[in-house]
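Observations on the three-dimensional arrangement
Letter by letter, the chains look like this.
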Amino acid sequence: MPPTTRARTLRIQVRRHQRDAGRDAMSDKIYEVSRDWAERAYVDAAQYRAMYEASAADPEAFWAEHGKRIDWFTPYTKVKNTTFGPGDVSIKWFEDGTTNVAYNCVDRHLETRGDQVAIIWEGDDPSESKRITYRELHAHVSRWANVLRNRNVQKGDRVTIYLPMIPEAAYAMLACARLGAIHSIVFGGFSPDALAGRIEDCGSRFVITADEGLRGGRKVPLKANVDAALKRLAADAVDHVVVVERTGGKVEMDPGRDVYYHAAAEMVTDECPCEEMNAEDPLFILYTSGSTGKPKGVLHTTGGYLVYAAMTHQYVFDYKDGEVYWCTADVGWVTGHSYIVYGPLANGATTLMFEGVPTYPSISRFWDVVDKHDVNIFYTAPTAIRSLMGAGEEPVTKTSRKSLRLLGSVGEPINPEAWEWYHRVVGEGRCPIVDTWWQTETGGILITPLPGAIAQKPGSATLPFFGVKPEIVDAEGKVLEGACEGNLCIADSWPGQMRTVYGDHERFVQTYFSTYPGKYFTGDGCRRDADGYYWITGRVDDVINVSGHRMGTAEVESALVAHPKVSEAAVVGYPHDIKGQGIYAYVTLMSGIEPSDELRAELVKHVRQEIGPIATPDKIQFAPGLPKTRSGKIMRRILRKIAEDEFGALGDTSTLADPAVVDDLIEHRQNKR
Ligand code: 6R9
């Protein structure tokens, strides 16, 4: 049952609940929904309660109705067919309906909004921007689809996309959807090794890339990275590489395999029919880090995903026709999939795509772009806010921002200090903040305020979206009631949920449904307060969140031990003022190898090469030994405490095989205050 959102007077007193690290204080200040917002929004508090209760009481009836928000070629007669086990896990929504995602995001808008701008593109260089109408989008996507079809891309084939933030990324995604091909986007910051692994895992025979990317004035050698990645695979693993000319930089082209998009596009028309897809046909794979081993290919399908992405985009951002909406994520992450491309375009919105970074050419860039394009809704990550906060208020206040009416946050818990700054300085106190909690696996937002309905508390994602049933469980899986803290599970399916791990359904079941049988386990810790508000406290597994990017500590560890001088490595996160979490690596060297600053730099470089710059270790501590139990398990709890410089609270170390290693670790810790 959702809690009620009682009207309360704003309390100025701020009480803090200190958590482990002391950084993520919780605040119980309340920001009420203003009268304006309650009136203008799609739903007010009473409507939220009524709709939530309806969605929980009869999901079939609720989603039968809301599934109609997209156009179906064959309407569904079945709505929900899902089981979380124990035993079999199977998730199907709208299973006998047929549709096409590109049709819904493009074609169906032509009649009513062909001349409306679909995508505003803002280049890295502020002198470059473009406005692409829905009619132009249709022509681009169709042409792209024909280029792919000419290279024999067919329904069900996997296509790897490794592009910068240019409109072609959206065209390529939608072209795949048009043909029924499954795209797998790999973030442009990943290394050739990481790219190769993702191409291989899904057996993708097609790669789409650009000559170079451009970020903050610096070039990113995307095509060269693809070449390096393909050298690591079998010679005939990939049939075609389509290259977008972005910078015009010189790249090597393999004549039998590589083609420039502009050359290929000249050979085809801009008309291409949409493939009829079943609701449960795959739409995309997106790799994400888990607590163990290699990244998982999260698989999303067609109908339920689009219904959910579009519906959350409309209600959470209260998107109204004609508004300009900007999500600053990269399409390489799920936020870019659901809330730059699919959700907004399905709703016929104007979505802004930004190629650059928040600090180039100046620290005012975000707000300059807001003013340049009259952005109404702005959605970013706490790490960006924290880094901009450091430069003070002037770079913000010297811009107008009068077009802004709603702000959003995603990717990691937002600390109340950053929330307050975002609200007061960026939003001038007039813009509600939607702190949206969700995951690659969930496809769309699950816990969030709705701006006209739910009072906000800084740092809390507040209440569940329609159809979402959160549960907090203790370590034994007992469902806790009322105000409590524990692990966050979801009790029943919602249409945007991932369907499987590509090629490994058993891993899907094991990862998400075995810890607490019969429930989807999110991997996040969570507190629920007396008002029923949810406060995400961060990951409880071995996943760390660096600047909003998910990383498995196991991935960084395996990159480190792949270095010939490293014998063993253990990686933990520690609180970092800007990134949220930093990467702290404990490294044991091969015998005879001496620790040095040069070696430290070499290891940092090595990890960047293996995974990419996002995995750069912030601290490396050389350790003669790691704290292990007698059965050989590394005691990460201890390593985390030492990385946090909280070694006074190490707890019980008596089960260690060699308690003496702890003294050395403490003595040589890298985060001394
Ligand atoms: C959308 C996205 C998912 C993990 C998730 C959680 C953290 C995301 C959050 C948040 C607190 C929020 N997370 N949003 N934590 N408040 N509003 O970020 O997907 O990259 O898969 O990361 O991010 O820990 O489990 P993904």
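Remember, predicted model here, so these are calculated numbers, not experimental data. (Residues numbered from 1 in each chain as written. Predicted model: local features only at pLDDT ≥ 70, side-chain atom pairs only at ≥ 80, totals over all residues. Heavy atoms only, no water.)

A count of helical and extended segments in the protein chain gives 21 helices and 30 strands. For 673 residues, the compact-globule estimate of 2.2 N^0.38 gives 26 Å, and the protein chain sits close to it at 24 Å. Over its C-alpha atoms, taken along the principal directions, the protein chain stretches across nearly 75 × 65 × 60 Å. Here the protein chain, with 673 residues, has 62% of them falling under the buried criterion. Within the protein chain, residue pairs in contact and separated by at least 24 positions form 72% of the contacts whose partners lie at least 6 positions apart. Roughly 24,900 Å² of accessible area belongs to the protein chain as shown, and the carbon and sulfur atoms make up 49% of that amount. Of note, the protein chain has its 76 positive side-chain charges centred 2 Å away from the centre of its 91 negative side-chain charges. (Helix = DSSP H or I, 4+ residues; strand = E, 2+ residues; numbered from the N terminus. Rg over C-alpha atoms; globule rule 2.2 N^0.38 Å. Buried < 20%, exposed > 50% of the residue type's maximum accessible area, 1.4 Å probe, protein only. Contact = heavy atoms within 4.5 Å. Areas by Shrake-Rupley, 256 points an atom, 1.4 Å probe, with all protein chains shown as cover. Lys, Arg positive; Asp, Glu negative; His and termini not counted. Charge placed at Lys NZ, Arg CZ, Asp CG, Glu CD.)

Turning to helix 20 (residues 636–643), its buried residues are Arg-636, Ile-638, Leu-639, Ile-642 and Ala-643. Down the axis of helix 20, the buried set is contained in an arc of 155°. They therefore lie on one face. Elements that come into contact with the buried residues of helix 20 comprise helix 18 (553–561), strand 28 (566–576), strand 29 (580–589) and helix 21 (660–667). Of the residues flanking the end of helix 20, it is Asp-645, one or two places downstream, whose phi is positive at about 60°. (Arc of directions from axis to C-beta.)

A few words now on the confidence of the model for the protein chain. Put simply, the protein chain has an average pLDDT of 93, and 96% of its residues get 70 or more. The ipTM value of the predicted complex is 1.00, and its pTM value is 0.92. (pLDDT = per-residue confidence, 0-100.)

Of all 9 residues in strand 24 (residues 520–528), 9 are buried; the element is thus mostly enclosed. Sheet analysis places strand 22 (residues 484–490) next to strand 24, joined by 6 bridges and oriented antiparallel. Bridging across to strand 24, Asn-487 finds its partner in Gly-525. With 5 bridges connecting them, strand 24 and strand 25 (residues 534–539) associate as antiparallel partners. The residue of strand 25 that forms the bridge with Arg-528 is Tyr-534. Connecting strand 24 to the next strand, strand 25, in antiparallel fashion are 5 residues, including Gly-532 with a positive phi near 80°. (Pairing = 2+ DSSP bridges.)

A few words on the sheet that holds strand 12 (residues 258–260). Read across the sheet, 8 strands follow the order 12-11-8-6-7-14-15-23 without closing on themselves; strand pairing throughout is mixed. Edge positions in the open sheet fall to strand 12 and strand 23 (500–501), since each of these has one partner strand only.

On to the pattern of salt bridges, then. All told, the structure shown has 41 salt bridges when counted by the stated rule. A salt bridge links Arg-365 to Glu-122; its shortest N-O distance comes to 2.6 Å. Here Arg-365, found in helix 13 (residues 365–373), pairs with Glu-122, found in strand 4 (residues 117–122); they are 243 residues apart in sequence, far enough to count as distant. You can call Glu-122 buried: its relative accessible area is 1%. (Salt bridge = Lys/Arg side-chain N within 4 Å of Asp/Glu carboxyl O.)

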